[in-house]
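# A closer look at the structure
Take a look at the letters that make up each chain.
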Amino acid sequence: MMKVVFERPKSMFPVPTHYCPGCGHGIVHRLLAEVIDEFGIRERVVGVAPVGCAVLIYNYINCDMYEAAHGRAPAIATGCKRVHPDLILFTYQGDGDLASIGTAEIVHAANRGENITVLFLNNAVYGMTGGQMAPTTILGQKTTTSPFGRSPKREGYPIRIAEMLATLEGATYIARVAVHNPRAIIAAKKALKKAFEVQINGLGFSLVEFLSPCPTGWGMPPAEATKWVEEKMIPSFPLGEFKVPKSEKSVK
Amino acid sequence: MGEKVLITGNEAIGEAAIRAGCRFFFGYPITPQNKIPEYLSYRLPQVGGCFVQAESEIAAIYMVFGAAGAGARVLTSSSGPGISLKQEGISYISAAELPCVIVNVMRGGPGLGGILPSQSDYFQATKGGGHGDYHLLVLAPSTVQETVNLVMDAFDLADKYCNPVMVLADGYIGQMMEPVEFKEKPPKELPTKDWAVTGAKNRPRNLIKSLYLNPEELEQHNLKLHRKYVEMAENEVRVETYLTDDAEILIAAYGTVARIAKTAIKILREKGIKVGMVRPITVFPFPYEAFAKISEEVDDILVVEMSLGQMIEDVKLGVCGRAKVHFYGRVGGMVPTYDEIVREIEKIKRSRVL
Amino acid sequence: MVGKIVIDKELCKGCALCVSACPQKLIVVAEEINSKGYHPAEFVDSKGVCTGCTLCALTCPEVAIEVFREEKT
């Protein structure tokens, strides 16, 4: 008798996505839906969608959702969570949304210790608008607005969001993971689960930064893009947990 | 109840919101409305509400978006430059059809401007401000008591139309102290908020959004919004006519200026010049009909504003050439005195005689 | 066979990440195209050696792969 050991999570609508072949969003969406299923919280979850490739996340994840203005998801999540502290809030944001226009909102939501969970998808480029430079674009990386390759003098350095936010006392759990191979994906899911646990237990602000391939934005096929995450992104953005709850207890 | 308290306009705005059942405020300090967040920072916790001083006016308006989308009565307040920052958020809130109340305590502009009162945000409030085809319902009080009444009405109107409502005050109203009565209002029958984000339990999930990539859909959505504004124009116009029955010259003014104009009218009538006033209370929807009617009786209308001429355009639309429309304004925080208004009316009277 | 996978040809975008992920090289990119014009992945396990390890499904961005495994008795 064969039994199913891997199937689509219930919290995901059974529809094809608009994402490019090999895009990391699909993987992270699935991890999110799996975690929601495993904690049984779909009816308590509220998501806030970004402006970016993932603006249509509400077509894929079946829960109450807001569509935010660019960068403002943490503020919207704050407004909702203050009205309904019992709901589980997540924001899902890309490089431009979180690390550029939304820098103030993410810093202050973390600083206030808002009890929300942020999924930050870092693919070192602005995907939706055609591959422009992001605050997370690495040195030497060519994009449509850094055609000579990012240089510190011209464009400054890439921003390390996880490390930066981990300096804030208000932040409870900050981790950086990657989704470029199955082993990394398994570790990414662990971190995401921990982040939601922190919120469910009322311990404060959690954020998981996902290093993710963007084959179209980087101009390379999916397999090469996963190698680029391994060889080029991870050295600039080390994986790990940068802040953990003081108690380090996990919920059953 | 009949109990009167002496209170500043800003604090009265805060208290009126609480009496209207508002339990959430998100804002940022800016002169001349700082007493609103300050008052609510201790008053809201007293009633089990929530006060957040946001990192910017931008963050604040999106916290309003979040709270309004969650079904709560929510307030934000600011002044000129801060209201400018909120414009994208206001467009989003209007597009997503969420109720909320936004208070603008107007100051001198443009740019950083000054901290004394003005009425130079009329265009911003009534003609859009943010991008896209939408409108706010805009209430313009003249006294602190009227501010209290209109703030309380604003929450009902916002819920009725699922639209943001703006209360357009100025630095004088915000900072002056007047006796005010907080009357209990009978509860209104308002539509339920079954669209709100509260967790998808026992129902399909709710989605608060404003993106419609399909142009046919987006057009339909815009038409739906438009129908609300037409309904507002049919049902919510508020205007005060003051001594207009026998008036030979009319003044058009709103807010603080209207109060000053009333003193000028008293003096002019003592001098034998019969002057009346039309005072819009809703500046959107604008009382075009009141001006259309009155311009059949008078030949001259003097519009007085603390701006270089913004409401005058709406007055002209209502008057439609039936009378001559004159203008007098002071800007930058300067306030027209009743003397100046008297002189302007006398000028008009003299030019008619010649 | 201990394990098997079912690939939804219409959800697949031919990214071939599963092809790299499979430790036994049981997945290939098909000759045919699906209705969107992609060459979908195809499970080829003539010797029945798939263990149902789920590495392919883990890496699939489209949730196009279902994995089955024999129940241990």
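First things first, this report covers the structure right here in the doc. (Residues numbered from 1 in each chain as written. Chains lettered and ligands numbered in written order. Predicted model: local features only at pLDDT ≥ 70, side-chain atom pairs only at ≥ 80, totals over all residues.)

What follows covers the overall build of chain C. Looking only at helices and strands, one finds two helices and four strands in chain C. The linear arrangement of helices and strands in chain C, starting from the amino end, is β-α-β-β-α-β. Computed over its C-alpha atoms, the radius of gyration of chain C comes to 12 Å, within 12% of the 11 Å expected for a compact globule of 73 residues. For chain C, the spread of C-alpha atoms along the three principal axes comes to 40 × 20 × 20 Å. (Helix = DSSP H or I, 4+ residues; strand = E, 2+ residues; numbered from the N terminus. Rg over C-alpha atoms; globule rule 2.2 N^0.38 Å.)

This next bit is on the interface of chain B and chain A. The interface is formed by 33 residues belonging to chain B together with 27 residues belonging to chain A. For the side of chain B that touches chain A, the elements supplying multiple residues, two or more each, are strand 2 (24-27), strand 3 (50-53), helix 3 (57-69), helix 5 (87-95) and strand 9 (207-208) of chain B. For the side of chain B that touches chain A, the element with the most residues is helix 3 of chain B, which contributes nine residues. Taken together, the residues that form the side of chain B that touches chain A break down as 20 nonpolar, eight polar and five charged. Taken together, the two bridges between strand 3 (residues 64-67) of chain A and strand 9 of chain B define a ladder with parallel strand orientation. Paired with Tyr66 of chain A across the strands is Ile208 of chain B, a residue of strand 9 of chain B. (Contact = placed C-beta atoms within 7 Å. Nonpolar A, V, L, I, M, F, W, Y, C, P; charged D, E, K, R; others polar. Pairing = 2+ DSSP bridges.)

Let's shift gears to helix 1 (residues 9-19) of chain B. Taking burial as the measure, the 11 residues of helix 1 of chain B include 10 buried ones, the bulk of the element. Looking at helix 1 of chain B, one finds that the buried residues are Gly9, Asn10, Glu11, Ala12, Ile13, Gly14, Glu15, Ala16, Ala17 and Ile18 of chain B. (Buried ≥ 20, exposed ≤ 12 C-beta atoms within 10 Å, placed from the backbone.)

Right, let's talk about the interface of chain C and chain A for a bit. On the chain A side, the residues contacting the 25 residues of chain C number 26 residues. Broken down by secondary-structure element, the contributors of at least two residues to the side of chain C that touches chain A are helix 1 (17-21), helix 2 (55-59) and strand 4 (65-70) of chain C. Considering every element that reaches the side of chain C that touches chain A, the biggest residue donor is strand 4 of chain C, with five residues. A class-by-class count of the residues in the side of chain C that touches chain A yields 13 nonpolar, five polar and seven charged. Bridge count for strand 1 (residues 2-6) of chain A against strand 4 of chain C is four bridges, and the pairing is antiparallel. Its bridge partner being in strand 4 of chain C, Met2 of chain A is matched across the sheet by Glu70 of chain C.

Our focus in this paragraph is the sheet that holds strand 13 (residues 282-284) of chain B. Residue and element names in this part refer to chain B. In spatial order, the strands read 3-2-4-5-7-6-13; together these seven strands make up an open sheet with mixed pairing. The open sheet terminates on both sides in strands that have one partner only, identified here as strand 3 and strand 13. Sheet twist, expressed as the mean angle between neighbouring strand axes with direction ignored, is 20 degrees. Lying on the sheet, helix 7 (residues 144-161) is in contact with strand 5 (100-106), strand 6 (137-139) and strand 7 (164-170); it crosses strand 7 at an angle near 160 degrees. (Axes fitted to C-alpha atoms, helices over the stretch in contact; angles between N-to-C directions.)

This paragraph deals with the pairing of strand 15 (residues 324-329) of chain B. All names here are of chain B. Note: strand 14 (residues 300-305) against strand 15, six bridges, orientation parallel. Bridge pairing links Ile301 to Val325 in strand 15. Handedness of the crossover joining strand 14 and strand 15 through helix 12 (residues 311-319): right-handed. (Right-handed = clockwise from strand over helix to strand, strands pointing away.)

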